Amino acid sequence: MIETTTNSLATFDSDEAKWAAVLARDAAADDAFVYAVRTTGIYCRPICASRRPRRENAEFHADGPAAERAGYRPCQRCRPQEISLAQRHAASVARACRLIEASDELPSLDELAQVAGLSRFHFHRVFKSTTGLTPKAYAVAQRAERVRAELLTRETVTEAIYDAGFNSSGRFYAAATHMLGMTPQRYRSGGEGMEIRFALGECSLGTILVAASEKGICAISLGDDPERLLEEFQERFANAILVPGGKDFDAWVARVVGFVEAPHVGLSLPLDIRGTAFQQRVWQALTEIPVGTTISYAELAERIGSPRAVRAVASACASNTIALAIPCHRVVRSDGALSGYRWGVKRKRALLEREQDHELAGGS
Ligand SMILES: [Zn+2]
C-alpha cells in the first residue's frame, strides 16, 4: 500500500464527494477513483451505467490495482481495470499544472501532491516523468512563457508584469533576468547588444538628441539640458553599445535639425521603430497625419480600427521616442486642448504653430 491515492483527491477529496460523483456519473471523476461494492465483490468506474449500490455497501479505492488488492474484481461492463496508470498520472499532473498556473507563488509540494491525489514523494516522481521537469522548473518555465507573451502585447513592462500574474515588480525583476536571459526591456526591444550611434545638436526648439541603430533612426528627443537628454538616452538603451556618432553621422543630425525647422520638407531617413504591434499601428497612423493638421485621440483610435482604445492610443502616443519623425505632436484632445507632450507642451505648441503658419502661407 505504498503509493496509495486513497486520500485527498482534488475535487473528490471525501467519500461524500466521491459518492456524489457516482450518483451523478460525473465524467470528471472517471480517472480519479473507483468504487467497489461489498455485496457483489465488483469494482466500477464512477461513470458505470450499472445499477448503483446502496451507499452503505460502497467503498472507494484510488484505482483498479488498489481495489484488487482489497479483494475486488473488475466490472465486465465499465472495465475499470483499463484506466491506464499513465492516463491517471497525466490527469493528476494536469491538475497540479493548473494549480501552478493559477498561483502567484509556487504552491508547496504538499499542496500540489494533494491536488494531484498522490503522496508527496510519488507526486514529485510522477510529475517529473510526465512533464520532464520538476514542479519548480515547470512553474518557472510557465511563468517565463506568460511574461514573454505579455511583453510582446502590453504597452509597458509594468503592465506586462502585472498581467503575467506578478503582484510586485521587485519580485518580477528578481526573477526576470534569469527567466528571459536578459532584462525585460532588452527582451522587449530585441536588445542583443546592438550598436547605437548618437549625437547632440542645437535647433530652434532647444537641444536635440539623435540616435540611430544600423536599421535607422531609433530616437529623437528634445530638451533644454543636454546632459539630462544624454542620461535619459543612456538609461533607455542601457544594454546597447552607445557610440558617439562620427562625421557621417553629423550629416544625419543636420537633416533632422533641418526637418525640425521645416517639417513640410519631410524626413527621408529610415526609422528603426521598436514597440508592440499596437504601438506600431498607432505610430504608423501618426506618420500619415499631414503637416499642419491635428486630430484627436478618439479620431486616431477610429483610424486604426480600435475606436474604443482611446486611452491605449493616448498611451502609445506618449510612448513615442522618435519626436517629429513620428509626429505625435499632431494629436490633441477632442476639445482642442494640447494635452501633454513628452518633450514639453511649449514645444508642442511651437511645432504646431510653425506647421500651421506654413500651411496658411500656402507652402507645401
Ligand atoms: Zn461497472
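The rules behind each value
- Residues numbered from 1 in each chain as written.
- Predicted model: local features only at pLDDT ≥ 70, side-chain atom pairs only at ≥ 80, totals over all residues.
- Heavy atoms only, no water.
- Helix = DSSP H or I, 4+ residues; strand = E, 2+ residues; numbered from the N terminus.
- Buried < 20%, exposed > 50% of the residue type's maximum accessible area, 1.4 Å probe, protein only.
- Areas by Shrake-Rupley, 256 points an atom, 1.4 Å probe, with all protein chains shown as cover.
- Pairing = 2+ DSSP bridges.
- Axes fitted to C-alpha atoms, helices over the stretch in contact; angles between N-to-C directions.
- Contact = heavy atoms within 4.5 Å.
- Donors = N, O, S within 2.8 Å, 3.2 Å for Na, K, Ca; no water.
- Tetrahedral: all angles 85-135°; square planar, octahedral: opposite > 155°, others 65-115°.
- pLDDT = per-residue confidence, 0-100.
- Polar contact = N/O pair within 3.5 Å; in protein donor to acceptor, adjacent residues only side chain to side chain.
- Patch = residues over 30% accessible without salt bridge, like charges linked within 9 Å, V, L, I, M, F, W, Y side chains within 5 Å.
- Salt bridge = Lys/Arg side-chain N within 4 Å of Asp/Glu carboxyl O.
- Lys, Arg positive; Asp, Glu negative; His and termini not counted.
- Charge placed at Lys NZ, Arg CZ, Asp CG, Glu CD.

**Q** It is not clear to me how the overall build of the protein should be interpreted in this structure. Could you clarify?
**A** Helix and strand content of the protein: 15 helices and 10 strands. With 364 residues in all, the protein has 44% of them scored as buried. Looking at the protein as shown, the accessible area adds up to about 18400 Å², and 51% of this sits on carbon and sulfur atoms.

**Q** It is not clear to me how unusual backbone geometry should be interpreted in this structure. Could you clarify?
**A** Residues other than glycine predominantly adopt negative phi, and peptide bonds predominantly adopt the trans conformation. At Arg25, a position not held by glycine, the phi torsion is positive, near 45 degrees. Examined against the element boundaries, Arg25 turns out to sit in the loop between helix H1 (15-24) and strand S1 (34-37). The backbone of Leu324 shows a phi angle near 70 degrees, a positive value even though the residue is not glycine. In this fold, Leu324 is placed in the loop between helix H14 (310-318) and strand S10 (331-332).

**Q** Got a minute to help me understand the pairing of strand S3 (residues 58-61) in this structure?
**A** One face of the sheet, then the other: side chains in a regular strand alternate in exactly this way. Residue alternation in S3 divides its side chains into two sets, Ala58 and Phe60 and Glu59 and His61, and both sets are buried. Where S1 and S3 come together, 4 bridges link them in antiparallel fashion. The partner of Val34 across the bridge, within S3, is His61.

**Q** What should I look at first to understand the sheet that holds strand S4 (residues 73-74) in this one?
**A** Strand pairing within a sheet occurs via backbone hydrogen bonds; the two strands may be parallel or antiparallel. If you trace the 4 strands from one edge of the open sheet to the other, you get S3-S1-S2-S4, paired in mixed fashion. Two strands bound the open sheet, and with one partner strand each, they are S3 and S4. Where S1 and strand S2 (residues 42-44) come together, 3 bridges link them in antiparallel fashion. By the bridge assignment, Val37 is partnered in S2 with Ile42.

**Q** What is the right way to read the sheet that holds strand S6 (residues 206-213) from this model?
**A** Read across the open sheet, the 4 strands follow the order S7-S6-S5-S8; overall the sheet is mixed. This sheet does not close on itself; its edge strands, each paired only once, are strand S7 (216-223) and strand S8 (241-244). Along the sheet, successive strands turn relative to each other by an average axial angle of 25 degrees, direction set aside. Of the strand pairs in this sheet, strand S5 (residues 195-203) and S6 are connected by 7 bridges, and their pairing is antiparallel. Its bridge partner lying in S6, Gly201 is registered against Ile208. Seen against the sheet, helix H10 (residues 226-236) touches S5, S6, S7 and S8 and runs at an angle of roughly 25 degrees to S6.

**Q** Can you walk me through the coordination of the zinc ion in this structure?
**A** Ideal geometry at a metal gives 109.5 degrees between four tetrahedral donors and either 90 or 180 degrees between six octahedral ones. The protein atoms donating to the zinc ion are Cys44 (SG), Cys48 (SG), Cys75 (SG) and Cys78 (SG), with metal-donor distances spanning 2.2 to 2.4 Å. Coordination at the zinc ion is tetrahedral: its 4 donor atoms span angles of 103 to 121 degrees at the metal. All donors to the zinc ion come from one chain, and their sequence spacing reads C-x3-C-x26-C-x2-C. Placement of the pair is Cys44 in strand S2 and Cys75 in the loop between S4 and helix H3 (85-102), with a sequence separation of 31 residues. Residue classification places Cys75 among the buried positions, given a relative accessible area of 8%.

**Q** Help me understand the confidence of the model for the protein, please; the structure alone is not making it clear to me.
**A** Residues of the protein with pLDDT of at least 70 account for 79%, and the chain-wide mean is 78. Long-range and interchain partners of residues 1-10, a stretch whose pLDDT sits below 50, account for 24 contacts in this model, where long-range means more than four residues apart. Throughout residues 176-182 the model reports pLDDT below 50, and contacts reaching past four residues in sequence, or to other chains, amount to 18 contacts.

**Q** Just to check I follow, could you spell out the side chain of Arg347 for this structure?
**A** Mapped onto the fold, Arg347 is located in helix H15 (residues 345-360). Polar side-chain contacts of Arg347 include one of 2.8 Å to the backbone oxygen of Trp343. The residues touching Arg347, leaving out its near neighbours within four places in the chain, are Leu205, Leu222, Gly223, Asp224 and Tyr341.

**Q** What's the story with a negative patch on the surface in this structure? I'm lost.
**A** Taken together, the side chains of Asp225, Glu227, Glu231 and Glu235 present a region of like negative charge at the surface. Along the chain, the position of Glu227 falls in helix H10. For Glu227, a relative accessible area of 59% puts it in the exposed group.

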